[in-house]
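Coordinates in review
Here is what each chain is made of, one letter per residue.
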Amino acid sequence: MKQVFESKEYCYGCGACAKICPVQAIKMKADEEGFLYPQIDEKHCIDCGKCSESCPFVVRNHYKNTKQPTYYAAKHRSEDVLVHSASGGAFTALSDVVLAEEGVVYGADFDQDFSVCHRRAQNAAERNRLRTSKYVQSDITDSYRQIEHDLLQGKSVLFSGTPCQNAGIKAYILSKNLEKNLYLCDLFCHSIPSPRIWQDFLQFLIQKHGAITAINFRSKNLPWSRPNCRKAFYFQTVADQKERVDNRFLRLFLEEGVIARPCCEHCQFTDTKRVGDITIGDYWGIEKYDVNWYDPLGVSLLLVSSEKGERLLEKSAEQMFYEQRAKQEALAEQPRLREPIKFSPKREKFWQDYQQCGLEQILNEMK
Ligand SMILES: Cc1cc2nc3c(=O)[nH]c(=O)nc-3n(C[C@H](O)[C@H](O)[C@H](O)COP(=O)(O)OP(=O)(O)OC[C@H]3O[C@@H](n4cnc5c(N)ncnc54)[C@H](O)[C@@H]3O)c2cc1C
């Protein structure tokens, strides 16, 4: 069968190929691990090669900025924003600049069933739903045409997501020559977990506790720190509305290292040259370099890689404190600026056990 990718390790699942295909011969379909991959309908394919010519994996560094970034520590001025953000609230400050200019913002939201997909926000209330990290690969399929439509209407657009999603959007928008008003905001990305394991984990929680009303992967109930972010998963149920903790999904992701997408081990975006105009993450270890910057509600690390990014940061100054910092601090604290994740040798066995016995048994054995 014809494939856009050589093997699953070489596909980010960004969906740019499916959008760029001039005869719509490519559809994104989930595999047995729940990750989306392009499937070519050979009856319709005209062999134009546009899918692989634009694929972020195939063209490697093509979508990265050529400029080396400038490094910043940043923190939102509002305590309420810090509480409701994963790190230092940089996303809120940057997206507010775009919203204030009547632009629109795209980011990862929970659907009604808590699956994760990208959504468009045109005001602060809609944008607030995009706040905080959802550690599941988000479906960006619908964003491509919406972003194209917004840019054609002359709106400014801020897209936020993983570096590979940013590369997919950039590929599509460049192919339409519409990049002028597009701001790209990529994340430091540890790796991206399986939507299928997430759905099974949700079902497990619902069976045990009843319907879920709220989820937070990055609760600030514990002080913001790298070790605490592994224990920060909270949820609420219809039954009692009290915050409950179950960190087993986070453990599978961050400690066991068994549920990430296969391509994450081959990720080409784990370096200092970035796809985004601005890259956002956690300023882990800031207390070692400048204790005055530490805040138990979080501090952001920003990399600014283009003039667009610089303009956006300058305009966010009313909302956010920021200060230029040394590149070495970020390199020391962020492994994903140096190399991709190395999968655990347990990954293969995890998926065999999962296919044979299901997630519930694996979770029960983790207790
Ligand atoms: C899968 C994943 C891995 C990450 N790995 C690292 C890491 O190794 N090191 C590090 O420092 N930071 C990492 N981050 C980024 C960090 O967790 C924060 O998202 C980032 O610092 C932004 O925080 P904030 O306070 O500025 O904004 P917030 O208001 O918390 O905004 C969160 C931003 O993340 C985006 N987002 C949330 N979930 C997803 C998703 N599933 N897919 C795509 N985009 C999403 C939203 O659209 C929004 O722009 C990761 C985030 C994700 C989603």
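Residues numbered from 1 in each chain as written. Predicted model: local features only at pLDDT ≥ 70, side-chain atom pairs only at ≥ 80, totals over all residues. Heavy atoms only, no water.

**A closer look at the domain arrangement of the protein**
Heads up, the rule is: Residue ranges assigned to each domain were obtained from an automatic or database domain assignment. Throughout, a contact is declared for two residues whenever any of their heavy atoms are within 4.5 Å. A simple way to read buried area is as the amount of 1.4 Å-probe accessible surface that goes missing from two parts once joined, with both sides added. Salt bridges, as used here, are contacts in which a Lys or Arg side-chain nitrogen is within 4 Å of a carboxyl oxygen on Asp or Glu. Elements are defined by DSSP. Helices are runs of H or I of four residues or more, strands are runs of E of two residues or more, and each kind is numbered from the N terminus.
Under the domain assignment, the protein is made up of domain 1 (8–61) and domain 2 (63–367). Here the C-alpha centre of domain 2 lies 24 Å away from the C-alpha centre of domain 1. In this assembly, 25 residues from domain 1 lie in contact with 31 residues from domain 2. It is Tyr12, Lys19 and Phe35 in domain 1 that bury the most area against domain 2; as a group they hold 32% of the surface buried on that side. There are 1 salt bridge connecting domain 1 and domain 2. Elements with a minimum of two residues in the side of domain 1 that touches domain 2: α1 (16–20), β2 (36–40) and α2 (50–54).

**Things to note about the nonpolar core**
Generally speaking, a soluble globular protein has its nonpolar side chains buried in company with each other. In plain terms, the rule: What is meant by a nonpolar core is a set of buried Ala, Val, Leu, Ile, Met, Phe, Trp, Tyr and Cys residues, joined one to another through side-chain atoms within 4.5 Å. Here's how the labels work: a residue is buried when its accessible area is under 20% of the maximum for its type, exposed when over 50%, partly exposed in between, all with a 1.4 Å probe on protein chains only.
Membership of the largest hydrophobic core comes to 31 residues, with the highest contact counts inside it found for Trp198, Ile215, Phe217 and Phe350. Those elements that place two or more of their residues in this core are β4 (104–110), α8 (195–209), β8 (212–216), α9 (248–255), α13 (347–357) and α14 (359–366). Ranked by residue count, the leading element in this core is α8, at 6 residues. By size, the runner-up hydrophobic cluster in this structure holds 28 residues, among which are Val104, Tyr144, Ile173 and Leu184.

**Here we look at the packing of aromatic side chains**
Selection criterion: The aromatic pairing rule takes the rings of Phe, Tyr and Trp, using the six-membered ring of Trp, and pairs them if the centres are within 6.5 Å, calling planes under 30 degrees apart stacked, those over 60 edge-to-face and the rest tilted. Any Lys NZ or Arg CZ found within 6 Å of a ring centre and within 35 degrees of that ring's normal is scored as a charge over the ring.
Considering all chains together, one arrives at 25 aromatic pairs under this definition. A centroid spacing of 5.6 Å and a plane angle of 35° characterise the contact between phenylalanine 201 and phenylalanine 249, whose relative ring orientation is tilted. Taken together, the positions of phenylalanine 201 in helix α8 and phenylalanine 249 in helix α9 put the pair 48 residues apart, joining distant regions of the chain. On the accessibility criterion, phenylalanine 201 (0% relative accessible area) is buried. Residue phenylalanine 249 is classed as buried on the basis of its relative accessible area of 1%. By the ring-pair criterion, three or more aromatic residues cluster together here, those being Phe110, Phe114, Tyr135, Trp198, Phe201, Phe204, Phe217, Phe233, Phe235, Phe249 and Phe253. Directly above the aromatic system of tyrosine 37 lies the positively charged group of lysine 8, at a separation of 5.1 Å from the ring centroid.

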